[in-house]
Amino acid sequence: MRIGSGAGGCRGGPGRAGASGMAVVPLRPCGAAGRLLPLLWGRVARSKGASLGPGVPGRLTQRRYKKDVLPSPEGPVPSVSITEIRQYLRAQGIPFHDGYSCLHTPSFFTSRRKDQTPPSAASTPYTLFIDKTTGSFLCTATLAEGTWQDFQANVELQHRGVRPASSEEPEEDVQRACEDARCIWERALPLWELLDEDETNETKSMFGISLVTNATLKRFGVRYLRTAKSLVFPWFSPRDATLRGLKLMRVEKKGGAIAYVEETLPRFDSYHNLFGLHLIGQRDTELVLTGWELDALALHQSTGVASLALPRGATCLPPALLPYLEQFKRITLWLGEDLRSWEAAKLFARKLSLKRCSLVRPGDLQPRPLEALNQGLNVTKILRAALPASHKSIVSFRQLREEVFGELVNTEQVAGIKWARFPELNKLLKGHRRGELTIFTGPTGSGKTTFISEYALDLCMQGVCTLWGSFEINNVRLAKIMLTQFAGRRLEDQLELYDEWADRFEDLQLYFMTFHGQQNIKTVVDTMQHAVYMYDITHVVVDNLQFMMGHEHLSVDRLSAQDYIVGAFRKFATDNNCHITLIIHPRKEDDDKELQTASIFGSAKASQEADNVLILQDRKLVTGPGRRYLQVSKNRFDGDVGVFPLEFSKASLTFSSSGKNKVKLKKMKEEKALLTKKAPEGGPGAAKKP
């Protein structure tokens, strides 16, 4: 597993309360681990790639590049079904057990002496796990892992008498991350061993864990790093309990709000620590899965039930962690206290197998575990009231009652995630919601890709896992546009700042499909399905629909082919509770006419299936350069539609709503209403009678 040098993130949100009961707001991600770690050495912040190893300050290493891209048509990952996996195992004479998310088989990576007799099938430990969805495997005894094709290759080697290698030499980045983690771990002190008891109490109060006992902290191995004022959570290898990494958490205060800022060694994309896993016994069959290390501490102390914390909270559940959760017959997901954590819990339950999962629904009487401990609530009672994740196809209102009440109480959260850069869009659409289909169109050359990249980047910066499918421009150019928008400046003129901004940009949950040009809709949808499973994608951007029209081998016309593609995306959004933003070119219109919903290329199916229709109006040919507007012509959520102006900054490649938007938006609505009122009956402005 490739491990980087460090990463950072932050925790916060409307629902999280801090140590002193103050509201918590999210902060900008920290970027590289160099934000905290230089405090350990008493040196200046390191440059990109500089070593943090003791005694080797400023040693530069090779530049790292993000490799989280999805397969291109030139080299796609062959898909495999669970039926094919079972048939192959039977054909090769490999015994297996059917688990919840994986198939369990004996591992051929575990070493055995030549003079040692092979164990019987009944006594053979089944330590190799094969993912039912992807075919990827993991040996928990040796930590060997790979794809389904790697598994088949190793089986062939075994038939030839060649023993598969159990592990590879660790990469330089892996060794450096482990050295840094060990150095920090040695410098950190257990909270209960601080010289001053007042300092211990003050530190506990700062993190809101005054009621968490020293015995609980000691059991989980939590330490405190004075120089960085951070709690240190260890990542112990499940194989031999050696230290593989760390997570550091500190508190930042801004006015009356606080935020928990996290950094990890290795970087977040390689930090696969189920915090507390080393404490799990082989006989444990019940588990509570949380989204925060402090919640795991509070849960175990309150109930004594086995508790684990996901490495990235409610953001994602990496499939690489599923084998470690196979032994549990019952898993309760208690990820947080807001609607996003509730939606994430339902998504994760599908990966873990619905029949064994229960969910704790957030509410005033069911806050996150740490808050429940601090408020003196009965945590055991809350766990017993967890709702089963699976349900029948037909339900009564009695079963939906709490869901409906939750939506009435949390109207702002139900409306979706707000855009930070487009406040006027929030007034119309109210927010970005899962499971919807948004159609976006605009004239050729008006800046559709540039606008939608900032639109998606805004959401991605707020924790929305995003997948980009750009068939019109290549990923390098798209990433350059998004990085410029992210930094808000021309980095060509300030190359010395590139690494700093690239570090921060790399920490976003942003992935790209490597398709370019004409593509087949089935290949695209299969790739999207893979991304949803692997990376918990909740927003897919497809630019644009016309590039999938030429590959459809259908004995129908182009309009029918387009209807089929739109229907496929609509079904995907609904089935996977994932928002899809689909760019469609408009029909050829006169330059002096504004685009309408009917201007979208194709039949009416696209606008009928869509939950939202956005049109980028470009009036520069009529009223002069730079007169662009965003029109919301359909909004299924609450019906609000309207238009507001945009201003384009060439330096930062960003569209920002004008400072006079509020007045302009209101004026345009009033003028439209006045025009409709004064229009003579039967005239162009009159409303048609049904």
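In this text the structure is predicted, and so the values were computed from the model without any measurement.

Most often, soluble globular proteins have nonpolar side chains that are buried together. By size, the foremost hydrophobic cluster in this structure holds 39 residues, and its most contacted members are Leu425, Phe451 and Trp468. Going through the elements one at a time, α13 (423–429), α14 (448–460), α15 (475–487), α16 (498–506), β20 (510–513), β23 (612–618), β24 (628–635) and β25 (642–649) are the ones with two or more residues in this core. Looking at this core, the element that brings in the most residues is α14, giving seven residues. Setting aside anything within four residues of it in sequence, one finds Leu425 in contact with Trp419, Lys430, Tyr455, Leu630, Val632 and Phe644.

It is worth spelling out the confidence of the model for the protein chain at this point. Mean pLDDT over the protein chain: 79, with 77% of residues reaching 70 or higher. Here residues 1–8 scores under 50 on pLDDT; set against residues more than four positions off or in separate chains, the count is 49 contacts. Within the model, pLDDT remains below 50 along residues 12–35, and this stretch shows 83 contacts once partners closer than five positions in the same chain are excluded.

Pairing between the strands of a sheet is mediated by backbone hydrogen bonds and can be parallel or antiparallel. Spatial ordering of the open sheet is given by β14-β13-β15-β16-β17, a layout of five strands whose pairing is mixed. Since the sheet does not close on itself, it has two edges, and those belong to β14 (307–309) and β17 (387–388), each with one partner. Two elements, strand β13 (residues 286–290) and strand β15 (residues 330–334), share five bridges in a ladder whose sense is parallel. The partner of Leu289 across the bridge, within β15, is Leu333. In the packing of helix α7 (residues 293–303) onto the sheet, the strands contacted are β13, β14 and β15, and the crossing angle to β14 comes to about 175 degrees.

Strand order in the open sheet formed by five strands is β3-β4-β5-β6-β7, with antiparallel pairing between adjacent strands. Each having just a single partner strand, β3 (97–98) and β7 (145–146) make up the two edges of the open sheet. The pairing of β3 with strand β4 (residues 102–105) spans two bridges and is antiparallel. Counterpart to Asp98 in the pairing with β4 is Leu103.

Helix length check: α15 (13 residues) gives 18 Å between terminal C-alpha atoms against 18 Å at 1.5 Å per residue, within 8%. Looking only at α15, the buried set comprises Asn475, Leu478, Ile481, Met482, Leu483, Thr484, Gln485, Phe486 and Ala487. N-capping of α15 is provided by Asn474, with a side-chain oxygen placed 3.2 Å from the backbone N of Val476. Phi turns positive one or two residues past the end of α15, at Gly488, with a value near 70 degrees.

Taken N-terminus to C-terminus, the directions of helix α17 (residues 521–535) and helix α18 (residues 558–575) make an angle of 10 degrees; their axes are 11 Å apart at the nearest point. Taken together, the axis directions place α17 and α18 in an arrangement best described as roughly parallel. On the side of α17, the interface is formed by Ile521, Val525, Met528, Gln529 and Val532, while α18 contributes Tyr564, Ile565, Ala568, Phe569 and Phe572. Looking at side-chain class alone, the contact of α17 with α18 contains nine nonpolar, one polar and no charged residues.

What follows is about the pairing of strand β11 (residues 243–254). Buried residues dominate β11, accounting for nine of its twelve residues. Across seven bridges, strand β10 (residues 230–236) lies against β11 in antiparallel orientation. The residue of β11 that forms the bridge with Phe236 is Leu243. Hairpin remark: β10 followed by β11, antiparallel, with six residues in the connecting loop; positive phi at Ala241, about 65 degrees.

On the surface, a cluster of negative charge is contributed by Asp196, Glu197, Asp198 and Glu202. Tracing the backbone shows Asp196 in the loop between β8 (189–190) and α5 (197–207). Here Asp196 falls in the partly exposed class, since its relative accessible area comes to 39%.

The next point concerns the pattern of salt bridges. Within the structure shown, the criterion is met by 26 salt bridges. The residue Glu326 makes a salt bridge to Arg356 at a minimum N-O spacing of 3.9 Å. Taken together, the positions of Glu326 in the loop between β14 and β15 and Arg356 in the loop between α8 (339–352) and β16 (357–359) put the pair 30 residues apart, joining distant regions of the chain. Residue class for Glu326 comes out buried when judged on its relative accessible area of 5%. By relative accessible area, which is 3% here, Arg356 ends up buried. For Asp640, the salt bridge goes to Lys430, with nearest N and O atoms at 2.7 Å. Of this pair, Asp640 sits in the loop between β24 and β25 while Lys430 sits in the loop between α13 and β18 (437–441); the two residues are 210 residues apart in sequence, bridging distant segments of the chain. Look at Lys430 and you get buried, because its relative accessible area is 19%. Linked through salt bridges whose partners overlap, the residues forming this network are Arg86, Asp98 and Lys132.

Here the focus is the environment of Leu310. In this structure, Leu310 sits in the loop between β14 and β15. Note: C-alpha distance between Leu310 and Leu274 (36 residues apart in sequence) is 5.4 Å. Sequence-distant contacts of Leu310, that is, excluding residues within four places in its chain, are made with Asn273, Leu274, Leu289, Thr290, Gly291, Glu293, Cys316, Leu317, Leu335 and Phe348.

Moving on to the packing of aromatic side chains. Within this structure, the stated rule accounts for 21 aromatic pairs. Aromatic side chains Phe109 and Phe137 sit 5.7 Å apart centroid to centroid with 15 degrees between the ring planes, which places their arrangement in the stacked category. Highlighted residues: Phe109 in the loop between β4 and β5 (128–131) and Phe137 in strand β6 (residues 137–139), separated in sequence by 28 residues. No difference in accessibility class separates Phe109 from Phe137, as the two residues are buried. Pairing Trp185 with Phe236 gives two aromatic rings, centres 6.1 Å apart and planes at 85 degrees, and the pair type is edge-to-face. Taken together, the residues Trp185 in helix α4 (residues 172–187) and Phe236 in strand β10 connect sequence positions 51 residues apart. Take Trp185 and Phe236: they sit in the same class, and that class is buried. Put simply, the rings of Trp419, Phe422, Phe440, Phe451, Tyr455, Phe648 and Phe655 pair up and form one aromatic cluster. For the cation-ring pair, Arg361 lies above Trp342, with the distance from its terminal atom to the ring centre recorded as 4.8 Å. In this structure, Arg504 is placed above the aromatic ring of Trp501, and the distance from its NZ or CZ to the ring centre is 5.1 Å.

The rules behind the values
- Residues numbered from 1 in each chain as written.
- Predicted model: local features only at pLDDT ≥ 70, side-chain atom pairs only at ≥ 80, totals over all residues.
- Heavy atoms only, no water.
- Core = buried A, V, L, I, M, F, W, Y, C linked by side-chain atoms within 4.5 Å.
- Buried < 20%, exposed > 50% of the residue type's maximum accessible area, 1.4 Å probe, protein only.
- Helix = DSSP H or I, 4+ residues; strand = E, 2+ residues; numbered from the N terminus.
- Contact = heavy atoms within 4.5 Å.
- pLDDT = per-residue confidence, 0-100.
- Pairing = 2+ DSSP bridges.
- Axes fitted to C-alpha atoms, helices over the stretch in contact; angles between N-to-C directions.
- Expected span 1.5 Å × (residues − 1).
- Polar contact = N/O pair within 3.5 Å; in protein donor to acceptor, adjacent residues only side chain to side chain.
- Parallel < 35°, antiparallel > 145°, perpendicular 65-115°, else oblique.
- Nonpolar A, V, L, I, M, F, W, Y, C, P; charged D, E, K, R; others polar.
- Patch = residues over 30% accessible without salt bridge, like charges linked within 9 Å, V, L, I, M, F, W, Y side chains within 5 Å.
- Areas by Shrake-Rupley, 256 points an atom, 1.4 Å probe, with all protein chains shown as cover.
- Salt bridge = Lys/Arg side-chain N within 4 Å of Asp/Glu carboxyl O.
- Lys, Arg positive; Asp, Glu negative; His and termini not counted.
- Charge placed at Lys NZ, Arg CZ, Asp CG, Glu CD.
- Phe/Tyr/Trp six-rings, centres within 6.5 Å; stacked < 30°, edge-to-face > 60°.
- Lys NZ or Arg CZ within 6 Å of the ring centre and 35° of its normal.

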